[in-house]
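Take a look at the letters that make up each chain.
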Amino acid sequence: MTEQLRLMAVHAHPDDESSKGAATMAKYVSEGVDVLVATCTGGERGSILNPKLQGDPYIEANIHEVRAKEMAEARDILGVKQEWLGFVDSGLPEGDPLPPLPEGCFALQDVDEAAGRLVKLIRGFRPHVITTYDENGGYPHPDHIMTHEITMVAFEAAGDPERYPEAGEPWQPQKLYYNQGFNRPRTLALHEALLARGMDSPYGEWLERWQKMGRERTLTTYVPCGDFFAIRDKALIAHATQIDPDGGWFRVPLDLQREVWPTEEYELAKSLVATSLPEDDLFAGIRNN
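Every value quoted in this text rests on a predicted model; they were computed, and no experiment measured them. (Residues numbered from 1 in each chain as written. Predicted model: local features only at pLDDT ≥ 70, side-chain atom pairs only at ≥ 80, totals over all residues. Heavy atoms only, no water.)

Colleague: Is there a simple way to explain the packing of helix H5 (residues 111-125) against helix H6 (residues 142-157) in this structure?
Modeller: Two quantities define a packed helix pair, namely the angle between the helix axes and the distance between the axes. One can describe the packing of H5 onto H6 by two numbers: an axis separation of 8 Å at closest approach and a directional angle of 60°. Considering their axes alone, H5 and H6 lie oblique with respect to each other. Like other packed secondary-structure pairs, H5 and H6 cross with a definite hand, here right-handed. Across the interface between the two elements, Val111, Asp112, Ala114, Ala115, Leu118, Val119, Ile122 and Arg123 of H5 pack against Met146, Glu149, Ile150, Thr151, Val153, Ala154 and Ala157 of H6. Considered class by class, the residues forming the contact of H5 with H6 number 11 nonpolar, one polar and three charged. (Axes fitted to C-alpha atoms, helices over the stretch in contact; angles between N-to-C directions. Helix = DSSP H or I, 4+ residues; strand = E, 2+ residues; numbered from the N terminus. Parallel < 35°, antiparallel > 145°, perpendicular 65-115°, else oblique. Left-handed = near helix turned anticlockwise from the far one by under 90°. Contact = heavy atoms within 4.5 Å. Nonpolar A, V, L, I, M, F, W, Y, C, P; charged D, E, K, R; others polar.)

Now the structure itself:
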């Protein structure tokens, strides 16, 4: 291709872009790809997960502004562009039975109506590839599931001039992927490597849960991006309210990660171009067309 390649990553909250596919995005930015993160909500109902910041009255009173500032810092670290879709965080309901979702939140929006905002962004940015979550949301947060739903509608609708005619000139993305960076093969490889080196592994309980679930996602695409793991971690730490820099995210040394599993993984969900699996490039089948 002679035109610049473009990648759009659709995420539910600020910080999701730094924990899912961040090294991939940084790698593509370094190669001259134009990368845009679409953030569906402001993360207004996210808990303050960093124990060092819990109880801070300013953060609690201004969580929306604080998380927007964190997003701006992470965006600059990764070198990506970023746009807000402007929906309100649904929060993660807890309890038995689960409480109802808050009125007006993202997860309660009409899917087709909400997808219109993403269609407009797709038509303006014109991505060749889009990444998002699978039908389970990666994990069953209502905003993650809703992100999947609107992305599926928008991927199909963006190229159709009869749908959302007010949203700009039609543009059809060529490929759609699900983020699958938290997968059992990777986790097992890192777990065994840590134990073999006499180190503690944070993954024992994860692997037990996977064993009980029994089903694994199909990994189709392995993007080599180990050289960008440090940038990924720096972007994640920028989301200070959400990430404890001394927590489990950072217990596996980067050198070990690069040696044992230097890729980020995806599941190819839709492709309008010919490609052969497995892939090592989200733009496979597009670059040479």
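Colleague: Is there a simple way to think about the packing of aromatic side chains in this case?
Modeller: Aromatic ring pairs are described here by two measures, namely the spacing of the ring centres and the angle between the planes. What the rule picks out here adds up to six aromatic pairs. Arranged with centres 5.2 Å apart and planes meeting at 90°, the rings of Tyr28 and Phe283 form a pair that is edge-to-face. With a gap of 255 residues between them, Tyr28 in helix H2 (residues 22-30) and Phe283 in the segment after strand S7 (263-271) connect regions that are remote in the sequence. Judged on exposure class, the residue Tyr28 and its partner Phe283 are both buried. (Phe/Tyr/Trp six-rings, centres within 6.5 Å; stacked < 30°, edge-to-face > 60°. Buried < 20%, exposed > 50% of the residue type's maximum accessible area, 1.4 Å probe, protein only.)

Colleague: I'm lost on the side chain of Asp281 in this one. Help?
Modeller: Summarising the element assignment, Asp281 is placed in the segment after S7. Side-chain polar atoms of Asp281 contact the side chain of Tyr28, separated by 2.7 Å. Of note is the side chain of Asp281, whose polar atom sits 2.5 Å from the side chain of Arg287. Dropping the residues within four chain positions of it, Asp281 is found in contact with Tyr28, Lys175, Tyr177, Thr221 and Arg287. (Polar contact = N/O pair within 3.5 Å; in protein donor to acceptor, adjacent residues only side chain to side chain.)

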